[in-house]
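# Residue-level structural notes
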Amino acid sequence: SAMHIKARCSVYPGSDTHRFPVPDDKVSWAADWPEYSPVNYTAPSVLKKPVWADPEIGSFSPQFNSLDGSVDRRSHEGEYTVQDDRPLNPRGRTGLNGRGLLGRWGPNHAADPIVTRWKRDSAGQRVSHAMSKLPVLQFVSIKRKDCGEWAIPGGMVDPGELVSLTLQREFSEEAMNSLQASQQEREKIHERITQLFSAPGFQVYKGYVDDPRNTDNSWMETVAVNFHDEKGDSVSELPLEAGDDAGQVSWFDVDSSQPLYASHSRFLQTVAKERKAH
Ligand code: RP5
Ligand code: MG
Ligand code: MG
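Residues numbered from 1 in each chain as written. Chains lettered and ligands numbered in written order. Predicted model: local features only at pLDDT ≥ 70, side-chain atom pairs only at ≥ 80, totals over all residues. Heavy atoms only, no water.

## Brief notes about the coordination of the magnesium ion (ligand 3)
For the magnesium ion (ligand 3), every protein donor is listed as Gly154 (O) and Glu174 (OE), and the spread of their distances is 2.2 Å. Residue class for Gly154 comes out buried when judged on its relative accessible area of 11%. (Donors = N, O, S within 2.8 Å, 3.2 Å for Na, K, Ca; no water. Buried < 20%, exposed > 50% of the residue type's maximum accessible area, 1.4 Å probe, protein only.)

Right, dumping it as structure tokens:
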């Protein structure tokens, strides 16, 4: 479990709030640090009580570390500590308490669909990297509207929703703009997506995400799954169109030179290794 870095970014996303700086040796809760004085911040959009957000602690007491009605408050990282009625980030201090932009106290569950194909030349031949001589993978990437960073088209698991459905739904919404499609188009998208995602994907990662929105009391967790189009005749023909929280969508070479959102580069590294790609 790598130390979180983006969860300690100086300016909290979408705000003017600065985190209390946390040096590497003080990240762990086990490190004694009486001077620690995190900034309290919960975004106005969360305090407005949208359906996807919890109320403030005090007015309600959620069942932490368990399935709380249809809201899953269990962590993939195991049991987390609850201190003064607030859950503690399993990776340690972030310099900010409250929920920031996240709706749930504790884990906020997401799913990340990693859709890949082999890079091919105009003659349809697989392209290998000049240095490594290994074939190059491409994946469907979206440009997030909130921060402008390129990312996997992932999203939050709705209460009671199966992760397998979240993977399909988020890919349809962000990479195929299903929310804006006509009834007829939507059916076509649905058909293609269920076909592509019906093959058992390779589970790339399950656990904590080093997301810049994380706080001492709220954090992102995900299940990342790879769906690979080996022959280049299924997903490769998908008409990509950015939608919902995606501003752009494109096939991207899996290449270490491209910085990606949160822990997404690490997920792609795992995919490349598993597929014996560059
Ligand atoms: C990341 O945030 C996850 O890996 C996932 O890609 C994403 C989910 O949040 P939204 O896209 O819904 O903002 O931590
Ligand atoms: Mg989404
Ligand atoms: Mg999203």
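Having seen the model, we can carry on.
## Comments concerning the environment of Glu77
Inspection of the secondary structure puts Glu77 in the loop between β3 (71-72) and β4 (82-83). Glu77 sits 23 residues away from Asp54 along the chain, and the two C-alpha atoms are 21 Å apart. Not counting residues up to four positions away in its chain, the partners in contact with Glu77 are Pro90, Arg91, Tyr205, Gly207, Tyr208 and Glu221. Only 2.7 Å separates the side chain of Glu77 from the backbone nitrogen of Tyr208, close enough to count as a polar contact. (Helix = DSSP H or I, 4+ residues; strand = E, 2+ residues; numbered from the N terminus. Contact = heavy atoms within 4.5 Å. Polar contact = N/O pair within 3.5 Å; in protein donor to acceptor, adjacent residues only side chain to side chain.)

## Observations concerning the environment of Lys145
Tracing the backbone shows Lys145 in the loop between β8 (137-144) and β9 (150-151). Lys145 gets classed as exposed once you look at its relative accessible area, which sits at 58%. Between the alpha carbons of Lys145 and Gly247 there is a distance of 5.3 Å; along the sequence they are 102 residues apart.

## Structural notes on the coordination of the magnesium ion (ligand 2)
Binding of the magnesium ion (ligand 2) to the protein goes through Glu170 (OE) and Glu174 (OE), at separations of 2.1 to 2.3 Å. Separating the magnesium ion (ligand 2) and the magnesium ion (ligand 3) is a distance of 3.4 Å, and Glu174 donates to both of them. Of this pair, Glu170 and Glu174 both sit in helix α2 (residues 163-175), 4 residues apart, which is roughly one turn of the helix. For the pair Glu170 and Glu174, one class covers both residues: buried.

## Quick look at the layout of surface pockets
When its volume is computed, the largest pocket comes out at roughly 1,200 Å³. Lining the largest pocket are 49 residues; nearest its centre among them are His109, Gly155, Met156, Val157 and Met220. Elements supplying a minimum of two residues to the lining of the largest pocket: β3, β7 (106-118), β10 (155-156), α2 and β12 (218-229). Split into classes, the residues belonging to the lining of the largest pocket amount to 21 nonpolar, 11 polar and 17 charged. If you add up the space inside the second largest pocket, you get close to 300 Å³. Looking at the lining of the second largest pocket element by element, the count peaks at 5 residues for helix α4 (residues 264-274). (1 Å grid on protein atoms, 1.4 Å probe; cavity = no way out; pocket = protein on both sides within 12 Å on 5 of 7 lines; lining within 4 Å. Points joined across faces, edges and corners; volume = space filled by probe spheres on them. Nonpolar A, V, L, I, M, F, W, Y, C, P; charged D, E, K, R; others polar.)

## Here we look at the site of ligand 1
Taken together, 13 residues sit near ligand 1, with Asp112, Arg144, Asp211, Arg213 and His264 positioned nearest. Arg144 has a polar side-chain atom sitting 2.8 Å from an oxygen atom of ligand 1. Within the side chain of Arg213, one N or O atom sits 2.8 Å away from an oxygen atom of ligand 1. Protein chains bury 94% of the 370 Å² of accessible surface belonging to ligand 1 in isolation. Comparing atom positions with the cavity grids shows ligand 1 to sit within the largest pocket. When residues of the shell around ligand 1 are traced back to their parent elements, those giving at least two are β7 and β10. Among the residues making up the shell around ligand 1, the classes are represented as 5 nonpolar, 3 polar and 5 charged. (Near = heavy atom within 4 Å. Areas by Shrake-Rupley, 256 points an atom, 1.4 Å probe, with all protein chains shown as cover. Sits in = over half its atoms within 2 Å of the grid points.)

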